[in-house]
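# An overview of the molecular structure
One-letter residues, chain by chain:
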Amino acid sequence: MDRRLSTKTKVILTLLVIIVVAFLLHLADKHMDAYKLRILNLIAIYGIMALSLNLINGITGIFSLGHAGFILIGAYTAALLTLSPEQKEMSFIIQPIVPWLAHLHTNFLFATLAGGLLAAFAAFLVGWPVLRLSGDYLAIASLGFAEVIRVVALNAISITNGPLGLKAIPEYTNVWWAYGWLLVTLLFIGSLVSSSYGRALKAIREDRIAAEEMGINVFKHQLLSFVVGGFFAGVSGSLYAHWLTTIDPRLTTLGPMLTFYILIMIVLGGLGSISGSLIGAALFAILVEWLRNLEEPFKLFGVIQTNGLPKGSRILVISAIFVAIMIFWQRGIMGRNEITWDNLYRWFSRLRRGEKNG
Amino acid sequence: MAKGEPLLVLDHVTMKFGGLVAVDDFTNEVREGEILGLIGPNGAGKTTVFNVVTGIYYPTSGRIIFDGIDITPLKPHQITHLGIARTFQNIRLFQDMTVLENVMVAQHHSISNPDGDRILKMNGKKPKMNGKFWFWRSVLKLGYMDMEKKMREEALNLLEKVGLASLAYEKASALPYGQQRKLEIARALATEPKIILLDEPAAGMNPKETEELMDFIKRIRDEFDLTVFLIEHDMKVVMGICERIIVMDYGRIISEGTAKEVQNDPKVIEAYLGKEWEVI
Amino acid sequence: MEKNEIMLEIKDLHVYYGAIHALKGISFVVPKGKIVTLIGANGAGKTTTLSTISGLVKARSGTIRFDGKDITNKPAHEVNRMGIAMVPEGRRIFPNLTVYENLMMGAYNRKDEEGIKEDLEWVFQLFPRLKERTKQLGGTLSGGEQQMLAISRALMSRPSLLMMDEPSLGLAPILVNEVFEVIQKINEEGTTILLVEQNALGALKISHYGYVLETGSIVLEGPSEELLENENVKKAYLGIS
Amino acid sequence: MNITFLVQNTFNGIMLGGLYALIAVGYTMVYGILRLINFAHGDVMMMGVYFAFYFAVLTKSNVVIAFIVAVLGAALLGFLIDNVAYKPLRNAPRISALITAIGVSFFLESFAVVVFGAIPKPFTSIFKSQTLLMKVLNVGGARIPVLTFLVIGITAVIFVFLFLIVYKTKIGMAMRAISADIPTTSLMGVNVNFVISFTFALGSALAAASGLMWSMRYPNVFPYMGFMPGMKAFIAAVFGGIGSIPGAMLGGLLLGLIEIFIPAYFQSMMMYRDALAFIILIVILLVKPSGLLGKKAVEKV
């Protein structure tokens, strides 16, 4: 049986949810302490990263490991555009910044858009060769491209300030920017996935050859998915840069480590599920922060005083959980299912019927 | 095009893989409106013929003409857009998608296949795509919902015709084997083909299902105004519904004709049915 | 058939591939020293039956007894060690190994150097053509030679039961003849054989007993001579109408 | 650009290439058998180096003993990783195994951070006397450290052993058979899972051996030290044709030479040395995906 709500009802319900969430965010913005607020914003940033990678990996079935490269491009582009000319002059101590970039200065919205667009363009350039490969070759090649991007960031000193990175980036990322962009990402990717194009992308994931034989231009659709994912990765990079306030091209900040974090989020939430990505991102952000406690002194069973576990233990715990998920619980929290109004409606009506019968 | 005219022409088509000649100088045609059978022992190169026609492989030499257009250099998605649909020997449904979605994927080329349209226009034919900018229209929902509704109705309509309407919202993987075969045919029909290539449609079916399938193939041929080109192992099916039969062995055509003619061809008996021989 | 001579006994075997019910409770026996044939159309479940016996595919329910021991769902390498060898469909020669190495793979678990040497001589006697090609890579052999190698490789484990999946498939008619002759010869030298064939005519001619499979069930059985005379079999599988 | 310069760089290139080749062989053997890119391979190499370092520091024993312990320890680690993480996923989609491999890599790195600490350790401090390592020979004007000869020599010996195992023993034959066809190999009575675990152990031992020599040359030991050599070695394996052992050797050697020679002649490329390897990878994948010595595969429809 297919039970569905009318489109109108769904639009109204969605608007209602947006208003309620906005109100809650408003309350959080007013009353939460700065630390918790930062975590709240991080959840939104991770959410955008996870959604964009899931579009590529989970929905389209392209196993890309190059996400950090696009995020890096977005982060650097946006940060260079919002940093004041004076600040740029001050921090570029190894080599002075190139003149055309020194005085380029825009507001946060344009900087973020520019970051997204440049990342999308990079995705287009990278996708063109990489998408001709298949399976794990593609994974390695995309990781390789991300590394090339990182090595360039490390060495193009007059543009990126090399290993020193960019400092004193204004902390523009607040609840409204973060969740505003998350909403845009969610609506865009959600709308794409539920359209005929989304079905085509899923079909490519399920069986590439059959999809081709059904008249789908597989390469073009994969590239499309790659570019859209790249755009939002760039956007998330901008938000991330203006959240961190300091960025550098180390292996652990905007390198493969970040890609692996995002991969954990989408696997945890369920590869191929949009709502799963959001859940995965939120859980990951909270888990990582909560595990910070392990590294602080704490009392075991309330009695034994410990000095806390050594630094890095939380990542160890997370990676162990990750491997365990892959072995025992590959589908993650949502599998490929979605939380949609129709599904909720079906679920509630079943629940009600069940109560009547019982 | 009138009934009986050649619709799909294979002209000296050869396909080699390394040293192996899978299809060797294949020349024949499929005529408008007919049900043509392609038979031969395992490994005779039958499926390779389908793969070459639908663009999975480019032939090593030779030409393929469909509806007056040389499709030899074209890509699979372009060829599908022109009107050739197929099914696979080992069912290749989109397993994790619903029955309805499987059919709707096959409609996608009607809004996103400028490549195919270009070929049609170049050959002076009517383009098939309904308008432009569908990517942005579908994401921003600008006039897209009507299209979605139309596609959905057409898909449900098609499922009704083939008798799968009641399973529209089931996952394809949850269908019994016979129904999966049927869905694969329905999905192929959703691309609105002129010709449909069926690769062993009766494989794995019991005699009763096979019987139904034969009726089904004849019915869709008439209802959808189709030409059917099928590979089959089950001699009952081939002899029962094919108006003309091509027999292949070692990549070559060894015989051609009606069921009766082929059955009595000694070359066919030797290659396909096993030769009488003496035990030591 | 007499009970005490039974080498392999299948009882009510059910096998699933995902949702597909591939074997729907088949039962049959292979008596010691005989050739038994399974015939049926493509997709009837013949290969599945052999794969389940050899341990490559897991049975959902039912039992497989070999020499009185239960071997149901034992891993493939243990089944092989108990004395069952298989010639898989499509030969499955190791293309990157030499002919000699392919044969040695067959004898993987044997330690008796002398016995291995003896059997090597034996298979070279059966297929003199292989002897000239011991140093060649398996992948460079012709289809017929690969089939000979596949059979020889299986024989190198000195099995008490030899299972063969479509040994005549894709071979030129003249080679088909040769392969069937060899199967008979192997059987005459004491190896029990379970044969799966699409070439029903040839298979029934050399075998003692046959079973007809249709979509996962056995629909007919009997001594091979009787099956050869059966009207339904003639029509469906022998192409004689 | 004189002959001395050429000799100098050739030796450096062969040494680096040999080290890549030793790691690459592990990738190629595992890939050949399971079609799995064992992301954790570079990290196994890192663990091997830490094993040697801590064994030498804690027991104050001879370096040679520490090295042997480290190689055996890495082999055991490889065996364990296969059994715990990959074996349960043998029948899962290949991409699941790949993700798991990334997780294992991640796990080993953070394990090293927690247990061994994130601060780099000076590897050569475990050598009681460093005179031999420091010694430099004069070869036609070029100054070649003794270490370079040592590394090239040991690498060559290891490769001879590897070839003997893979081409002259029963288990080596089984390994090659598995890489062609797993089910058929099990029909021959081979315990496939055991052979696969053995392959992991062998590859891990070779990676550890490479890591130890690597650390004598670049004595900075830290938890992420396996990442780059691991990636490079993978590239080397693809370069030579993944799945082929001679290919991995050739690919490793060529990559080492390229990485030394290009920056030597074009100073400005020095900083982009790491990017170079990836660009080679992408070009190879696009132009000849089967690599120099690999075989072309036809997709079955």
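Calculation criteria
Residues numbered from 1 in each chain as written. Chains lettered and ligands numbered in written order. Predicted model: local features only at pLDDT ≥ 70, side-chain atom pairs only at ≥ 80, totals over all residues. Heavy atoms only, no water. Helix = DSSP H or I, 4+ residues; strand = E, 2+ residues; numbered from the N terminus. Rg over C-alpha atoms; globule rule 2.2 N^0.38 Å. Buried < 20%, exposed > 50% of the residue type's maximum accessible area, 1.4 Å probe, protein only. Contact = heavy atoms within 4.5 Å. Areas by Shrake-Rupley, 256 points an atom, 1.4 Å probe, with all protein chains shown as cover. Lys, Arg positive; Asp, Glu negative; His and termini not counted. Charge placed at Lys NZ, Arg CZ, Asp CG, Glu CD. Pairing = 2+ DSSP bridges. Phe/Tyr/Trp six-rings, centres within 6.5 Å; stacked < 30°, edge-to-face > 60°. Core = buried A, V, L, I, M, F, W, Y, C linked by side-chain atoms within 4.5 Å. Polar contact = N/O pair within 3.5 Å; in protein donor to acceptor, adjacent residues only side chain to side chain. Axes fitted to C-alpha atoms, helices over the stretch in contact; angles between N-to-C directions. Buried area = accessible area lost by both parts, 1.4 Å probe. Salt bridge = Lys/Arg side-chain N within 4 Å of Asp/Glu carboxyl O. Parallel < 35°, antiparallel > 145°, perpendicular 65-115°, else oblique. Nonpolar A, V, L, I, M, F, W, Y, C, P; charged D, E, K, R; others polar. pLDDT = per-residue confidence, 0-100.

## What to know about the overall build of chain A
The number of helices and strands found in chain A is 16 helices and 2 strands. Relative to a compact globule of 358 residues, whose C-alpha radius of gyration would be 21 Å, chain A shows 22 Å and is just as compact. Projecting the C-alpha coordinates of chain A onto the three principal axes gives extents of approximately 75 × 65 × 40 Å. Out of the 358 residues belonging to chain A, those deemed buried represent 57%. Residue pairs at least 24 apart in sequence account for 79% of intrachain contacts in chain A once pairs closer than 6 positions are excluded. Element-wise, carbon and sulfur atoms account for 69% of the exposed surface of chain A, whose accessible area totals about 14,900 Å². Measuring between centres, the 28 positive side-chain charges of chain A sit 8 Å from its 19 negative side-chain charges.

## As for the overall build of chain B
Assigned secondary structure in chain B consists of 11 helices and 10 strands. C-alpha extents for chain B along the principal axes are approximately 75 × 45 × 40 Å. Roughly 11,600 Å² of accessible area belongs to chain B as shown, and the carbon and sulfur atoms make up 52% of that amount. Positive and negative side-chain charges in chain B, numbering 35 and 40 respectively, have mean positions lying 6 Å apart.

## A short note on the pairing of strand β3 (residues 35–39) of chain B
Residues and elements named next belong to chain B. Extensive coverage of β3 is indicated by the burial of 5 of its 5 residues. Sheet topology places β3 next to strand β8 (residues 227–231); 4 bridges connect them, and they run parallel. Within β8, the position partnered with Leu-38 by the bridge is Ile-231.

## Observations concerning the packing of aromatic side chains
Inspection of every chain in the model, using the stated rule, returns 40 aromatic pairs over all chains. Centre to centre, the rings of A:Phe231 and A:Phe232 are 5.0 Å apart; their planes meet at 85°, and the pair counts as edge-to-face. In this structure, A:Phe231 and A:Phe232 share a single accessibility class: buried. Seen from their ring centres, A:Tyr261 and D:Phe106 are 5.8 Å apart, and the 70° between their planes marks the pair as edge-to-face. Within this pair, whereas A:Tyr261 is found in helix α13 (residues 256–269), its partner D:Phe106 is found in helix α4 (residues 94–116), the two belonging to separate chains. One exposure class covers both A:Tyr261 and D:Phe106, and it is buried. By way of ring pairs, the aromatic residues A:Tyr46, A:Phe260, A:Tyr261, A:Phe284, D:Phe39 and D:Phe106 are connected into one cluster.

## A short note on the sheet that holds strand β5 (residues 69–70) of chain C
Picture the strands of a sheet paired through backbone hydrogen bonds; they go either parallel or antiparallel. Residue and element names in this part refer to chain C. Here we have 4 strands laid out as an open sheet, ordered β2-β1-β4-β5, and antiparallel in their pairing. Only two strands of the sheet have a single partner each, and these edge strands are β2 (20–31) and β5. The pairing of strand β1 (residues 6–17) with β2 spans 9 bridges and is classified as antiparallel. Within β2, the residue paired with Ile-6 across the bridge is Pro-31.

## Regarding the nonpolar core
Nonpolar side chains tend to gather and get buried jointly when the protein is soluble and globular. Ranked by internal contacts, the top residues of the largest apolar core, which has 348 residues, are B:Leu183, C:Leu194, D:Phe39 and D:Phe123. Those residues within four positions of C:Leu194 in sequence are excluded, and the remaining contacts are C:Leu8, C:Phe28, C:Val30, C:Val36, C:Leu38, C:Leu50, C:Ile53, C:Leu161, C:Leu162, C:Met163 and C:Met164. Grouped together as the second largest cluster of nonpolar side chains are 32 residues, B:Leu7, B:Leu38, B:Ile64 and B:Ile246 included.

## Comments concerning the side chain of C:His14
Residue and element names in this part refer to chain C. Here His-14 is to be found in strand β1. Among the polar contacts listed, one links the side chain of His-14 to the side chain of His-21, at a separation of 3.0 Å. In this view, His-14 contacts His-21, Leu-23, Lys-24, Gly-25, Ala-59, Arg-60 and Ser-61; residues no more than four positions away in its chain are not counted.

## Concerning the sheet that holds β8(B)
Residue and element names in this part refer to chain B. Spatially, β6-β7-β8-β3-β9-β10 is the arrangement adopted by the 6 strands of the open sheet, whose pairing is mixed. A single partner strand is all that each edge strand has here, and the edge strands are β6 (84–86) and β10 (252–257). Direction aside, neighbouring strands of the sheet carry axes that sit 20° apart on average. Across 5 bridges, strand β9 (residues 244–249) lies against β10 in antiparallel orientation. Following the sheet pairing, Val-247 is matched in β10 by Ser-255.

## Observations regarding the interface of chain A and chain D
At the interface, 44 residues of chain A touch 46 residues of chain D. At the boundary of chain A with chain D, total buried surface from both sides reaches about 3,800 Å², with 84% on carbon and sulfur atoms. Contact with chain D buries area across many residues of chain A, yet A:Asp136, A:Tyr137 and A:Ile140 alone supply 17% of it, more than any other trio. Counting every contact that joins chain A to chain D gives 0 salt bridges. In this assembly, chain A and chain D are joined by 2 residue pairs in polar contact (both at pLDDT 80 or more). Within the residue set of the side of chain A that touches chain D, elements represented by two or more residues are α7 (135–155), α13 and α15 (313–328) of chain A.

## Description of the packing of helix α9 (residues 175–193) of chain A against helix α12 (residues 218–244) of chain A
Residues and elements named next belong to chain A. Close contact between α9 and α12 brings their axes to 11 Å; oriented N to C, the two are set at 170°. Looking at the two axes, α9 sits roughly antiparallel to α12. Contact with α9, carried on its side by Trp-177, Ala-178, Trp-181, Val-184, Thr-185, Phe-188, Ile-189 and Leu-192, involves Val-228, Phe-232, Val-235 and Leu-239 of α12 and no other residues of that element. A breakdown of the residues in the contact of α9 with α12 according to their chemical character gives 11 nonpolar, 1 polar and no charged.

## A word on the pairing of β8(B)
Every regular strand shows the same layout, with side chains that alternate between the two sheet faces. All names here are of chain B. Within β8, 5 of the 5 residues are buried, leaving the element largely enclosed by the surrounding structure. Relative to β8, strand β7 (residues 195–199) runs parallel, the two being bridged by 5 bridges. Looking at the pairing, Leu-197 lines up with Phe-229 of β8.

## Overview of the arrangement of the chains
No other pair of the 5 pairs of chains in contact has as many contacts as chains A and D. One finds no contact linking chain A with chain C; the least C-alpha distance across the pair is 17 Å.

## Here's the deal with the confidence of the model for chain B
All names here are of chain B. Per-residue pLDDT for chain B averages 89, and the proportion of residues at 70 or more is 95%. Overall, residues 275–280 carries pLDDT values under 50, and its contacts beyond four positions in sequence, including any with other chains, amount to 14 contacts. Both confidence scores are given for the complex: pTM 0.88, ipTM 0.85.

## A word on unusual backbone geometry
All names here are of chain B. Despite not being glycine, His-12 has its phi angle at roughly 50°, a positive value. By the secondary structure assignment, His-12 is in strand β1 (residues 6–17). His-12 sits in the partly exposed class, given a relative accessible area of 44%.

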